[in-house]
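# Descriptive structure summary
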Amino acid sequence: MQFVSDPSIARKIQKMQARVRWQDSLCHLRNIDQTRLIIDDGQAEDSEFSFLVVGDSGSGFHRGDSPQRRIAQSMMAEGSDCRFVLHTGDVIYLVGSSEQYFENFIKPYREYLVGGDRPEEICYDRMVFKRPFLPVPGNHDYYDLPLILGVISQATLPLRYLLRSQLDIDVGWHGSYSGDAYARAFLDYLKDKNPQQLEQHLARHYGGDQRGSCLRYQPGQFTRLPNRYYRFRYGGIDFFALDSNTFNSPEPIPAGQSGTRRRRQLEQQRTALEQDQLRLLGKASRSVATPGDRDQLHDLYAKAEQLSEQIRDIDKQLAAATHHDVDHAQLRWLKQELVVSWGDPDARGRILFFHHPPYVTEATKWDQGQTLAIRYHLQQVFDAVDRAIAPRPQNHPLVDLVLNGHAHCLEHLQTQDTGHADSYLNWIVCGGSGFSLRRQRPEGPALIQDERILAKSLRFVGRSGHGSEKRRPYSYLRIDVAPGSPPPLTVRPFIVELFQKQWRHEALPPFSLTR
């Protein structure tokens, strides 16, 4: 049973290109790079700075409180001197709807917004940030809700309101309209402008430096992103923001007997997952009718959504044989820009952030088809970059850090010898900033393929324990950058947790990133 629909990769690309008027003639005339951003805060040349990282945060009222709001309050306290916030995706649960932006984004992060003292007056498509808030889209930011489910959702709204202390499902009439709500909230949405308006807009908000013309991000005035994927430089570090939703299509199932067996296995897994989901929903329905432990009820619905994600991943694997889309243009862009960055003496480091993690040990994501697809495509890019810049300076990693979300946990991994240029790199999953947390896989912290250790999990923070001892440590990061090349990075994890009816805030031990 699928509650939401995920648009095709081709549709995501086409719709997002139309919204930013990708390669419009007026942009060509002004020689504008629609993938580059200048953060115009007067401090971008400082080699010492800090920034925050959150991800998978987009829940509203949940379990009698708002974990996302608790995270935001902690961020304000621990990151008052941080220059910007990176968001690793899934800004709005469950279906990226514009209706949910007020409860699930504007209210929790109101201190970051101009006019945040009156959040009810802020329109989601008119947000201006006091400090840069730099997201990438997650899968939930692209989802759509079938009309019939939207009707049912609204028909049951009074009941859901009465049961708010027991249950809240973050859906409205519709979904994201293939990412339109995300685009209107964060991107420089040019689609609706006539030629004269467009020309005036480009003249006002796009400017040049020694590297050409691009969008200027002006905190407190104009805070838009140029595209669904983009890059910016801060303190000599090149940041690359990717849209992994368009290169996460699993590889096609091979032909022949082995492929037939694999397809049959996936279909059997899908049937079993659907049966588990129906049992969970039946149990949850009985719990609503006879209110009891609201934690258990929320866990049931979270588990049902987790099963939906696993079913969607299997559907992607089954569909790949007949329709296998990959955003090759974005991958070529990443390869080219990484090579350019390595050739620039002013660039002292590189950080990537995007939604789907290539390496993770969270129980539901570690071996998904999408995870393996992202890993494969990133390895191909890294290998090509490594060849293009050879010989690489000794002890300089190809990239200094990769940040992801999607897996609902906080995890630090290091790759080992993978046989590719992504060996011996640091990877951090920051996907535990507000929505239901998940456990580490029972197979353990080492990812092994063909008897080779690909990656080791050095730290995992997620759901643990059972019954009254169950722990839900929501998390975010502060990362401190020091002068030097490669740049010294110190990661400071923070958790916010409701345990035995008491909220607690804790700073976990910081750690430095090394090869």
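In this convention, every chain numbers its residues from 1, walking through the sequence in written order. Owing to the predicted nature of the model, reporting of local features is limited to residues with pLDDT of at least 70; listing and counting of side-chain atom pairs is limited to 80 or more, with chain, interface and lining totals taken over all residues. Computation of side-chain values: all heavy atoms of the structure, hydrogens and water removed.

## Brief notes about the overall build of the chain
Numbering goes from the N terminus for both helices and strands, where a helix is a DSSP run of H or I of at least four residues and a strand is a run of E of at least two. Within the chain one finds 12 helices and 18 strands. Exposure categories follow from relative accessible area, calculated using a 1.4 Å probe and restricted to protein chains: below 20% of the type maximum is buried, above 50% is exposed, and the middle band is partly exposed. In the chain, which comprises 515 residues, the share counted as buried stands at 59%. The contact rule is simple, with two residues in contact once any of their heavy atoms fall within 4.5 Å. Intrachain contacts of the chain at a sequence separation of at least 6 include 77% that bridge at least 24 residues. Only the protein chains shown count as cover for residues, and the accessible areas themselves come from Shrake-Rupley with a 1.4 Å probe. About 21000 Å² of surface is accessible on the chain, with carbon and sulfur atoms providing 50% of the total.

## Structural notes on the side chain of D144
By the element assignment, D144 lies in the loop between β4 (133–135) and α5 (147–155). Within the buried set, D144 has no salt-bridge partner at all; the shortest N-O distance to an opposite charge, 5.4 Å, is to R11. Definition of a polar contact: a pair of N or O atoms within 3.5 Å, with one able to donate and the other able to accept a hydrogen when the atoms are protein atoms, and with sequence-neighbouring residues admitted only if both atoms are side-chain atoms. In terms of polar contacts, D144 uses its side chain to reach the backbone amide nitrogen of S176, at 3.2 Å. One polar contact links the side chain of D144 to the main-chain amide nitrogen of S178, over a distance of 3.2 Å. Positive residues here are Lys and Arg, negative ones are Asp and Glu, while His and the chain termini are left out of the count. The rule for a salt bridge is simple: a side-chain nitrogen of Lys or Arg has to be within 4 Å of a carboxyl oxygen of Asp or Glu.

## Some remarks on the packing of aromatic side chains
Here a pair means two rings of Phe, Tyr or Trp (six-membered ring of Trp) with centres within 6.5 Å. Their orientation is stacked below 30 degrees between planes, edge-to-face above 60, and tilted elsewhere. Going through the model one piece at a time under the given rule, you end up with 29 aromatic pairs. Centroid distance F49 to F84: 6.1 Å. Interplanar angle 40°. Geometry classified as tilted. Taken as a pair, F49 in strand β2 (residues 49–54) and F84 in the loop between α3 (67–78) and β3 (85–87) lie far apart in primary sequence, 35 residues in all. Ring geometry for F105 against F129: centres 6.2 Å apart, planes inclined by 80°, an arrangement best described as edge-to-face. Here the residue F105 occupies a position in helix α4 (residues 101–106), and F129 occupies one in the loop between α4 and β4, the gap between them amounting to 24 residues. Like F129, F105 is buried. Taken together, the ring pairs connect Y101, F105, Y109, Y112, Y124, F129, F133, Y182 and F186 into an aromatic cluster. In our convention, an over-ring charge means Lys NZ or Arg CZ found within 6 Å of a ring centre and within 35 degrees of that ring's normal. The aromatic ring of Y142 is capped on one face by K12, whose charged end is 5.0 Å from the ring centroid. Across the ring face of W366, the terminal group of R441 is positioned such that the distance to the ring centre comes to 4.3 Å.

## Considerations on the state of the cysteines
In this description, the term disulfide denotes a pair of cysteine sulfurs within 2.5 Å. Enumeration according to the criterion identifies 0 disulfides in this entry. The thiol sulfur of C430 is not disulfide-bonded, and the nearest other cysteine sulfur, from C409, lies at 9.2 Å.

## A few points about the sheet that holds strand β1 (residues 32–39)
To summarise the sheet geometry, strands pair through backbone hydrogen bonds and adopt either a parallel or an antiparallel arrangement. Here, any two strands with at least 2 DSSP bridges between them count as paired. Ordered by their spatial adjacency, 11 strands build an open sheet running β5-β6-β1-β7-β8-β9-β10-β12-β11-β14-β13, and the pairing between neighbours is mixed. Sheet topology places β5 (206–209) and β13 (446–449) at the edges, where each strand pairs with a single neighbour. Direction aside, neighbouring strands of the sheet carry axes that sit 30° apart on average. Axes here refer to lines fitted to C-alpha atoms; in helices the fit is confined to the stretch in contact. Angles between the N-to-C directions go from 0 to 180 degrees. Those strands touched by helix α8 (residues 195–205) are β1, β5 and β6 (212–217), and its axis lies near 40° from that of β5.

## Here we look at the side chain of T35
Considering the arrangement of structural elements, one finds T35 in strand β1. Judged by relative accessible area, which is 3%, T35 ranks as buried. Among the polar contacts listed, one links the side chain of T35 to the side chain of W333, at a separation of 2.9 Å. Those residues in contact with T35 that sit more than four places away from it in its chain are W22, P226, N227, Y229, Y230, R231 and W333.

## Some details on helix α12 (residues 369–389)
Over its 21 residues, α12 runs 31 Å from end to end, which matches the ideal 30 Å to within 8%, given 1.5 Å per residue. Of all 21 residues in α12, 15 are buried, a share of seventy percent or more. By this rule, a helix spans an expected 1.5 Å times one less than how many residues it contains.

## Remarks on the nonpolar core
Here, nonpolar core refers to any group of buried Ala, Val, Leu, Ile, Met, Phe, Trp, Tyr and Cys residues whose side-chain atoms link them within 4.5 Å. Core analysis: the largest hydrophobic core is formed by 79 residues, its most contacted members being F51, F105, F232, F239 and L403. With residues near it in sequence (within four places) discarded, F51 still touches C82, F84, L86, F239, I351, L403, L477, R478, I479 and V481. Counting residues in hydrophobic clusters, the runner-up holds 34 residues, among them F240, L338, W427 and V429.

## Describing helix α1 (residues 9–19)
Burial in α1 covers these residues: I9, K12, I13, M16 and R19. The buried residues of α1 occupy an angular sector of 135° when the element is viewed end-on, so they sit on one face. Looking at the buried residues of α1, the elements they touch are α7 (180–186). Directions are taken from the helix axis to each C-beta atom, and the arc is the one they span.

## Considering the confidence of the model for the chain
A score between 0 and 100, pLDDT records how confident the predictor is in each residue. Scored by pLDDT, the chain comes out at a mean of 90, with 90% of its residues at no less than 70. Note that residues 148–168 has pLDDT below 50 and, in this model, 31 contacts with residues that lie over four places away or in other chains.

## Quick look at the environment of N245
In this fold, N245 is placed in the loop between β8 (237–241) and α9 (257–289). Looking at N245, the relative accessible area reads 1%, which means it is buried. Contacts of N245, omitting those with residues within four sequence positions, involve I9, K12, P137, G138, N139, Y142 and H356. Of the polar contacts made by the side chain of N245, one reaches the backbone nitrogen of N139; its length is 3.2 Å. Within the structure, the side chain of N245 is placed 2.9 Å from the side chain of D243, a separation counted as a polar contact.

## Regarding the environment of T418
Topologically, T418 is positioned in the loop between β11 (410–415) and β12 (426–430). The spacing of T418 and Q449 is 31 residues in sequence and 9.2 Å in space, taken between C-alpha atoms. For T418, the side chain forms a polar contact with the side chain of D422, separated by 2.5 Å.

## Side note on the pattern of salt bridges
Enumeration according to the criterion identifies 33 salt bridges in this entry. A salt bridge links R279 to D276; the shortest N-O distance between them is 2.3 Å. Placement of the pair is R279 and D276 together in helix α9, with a separation of 3 residues, close to one helical turn. Judged by its relative accessible area of 52%, R279 is exposed. Here D276 falls in the partly exposed class, since its relative accessible area comes to 31%. In this structure, R471 engages E497 in a salt bridge whose closest nitrogen and oxygen atoms are separated by 2.9 Å. With R471 in the loop between β14 (452–461) and β15 (473–481) and E497 in strand β16 (residues 489–499), this pair connects stretches of sequence that are 26 residues apart. Within this structure, R19, D180, R184 and D192 form a network of salt bridges that share partners.

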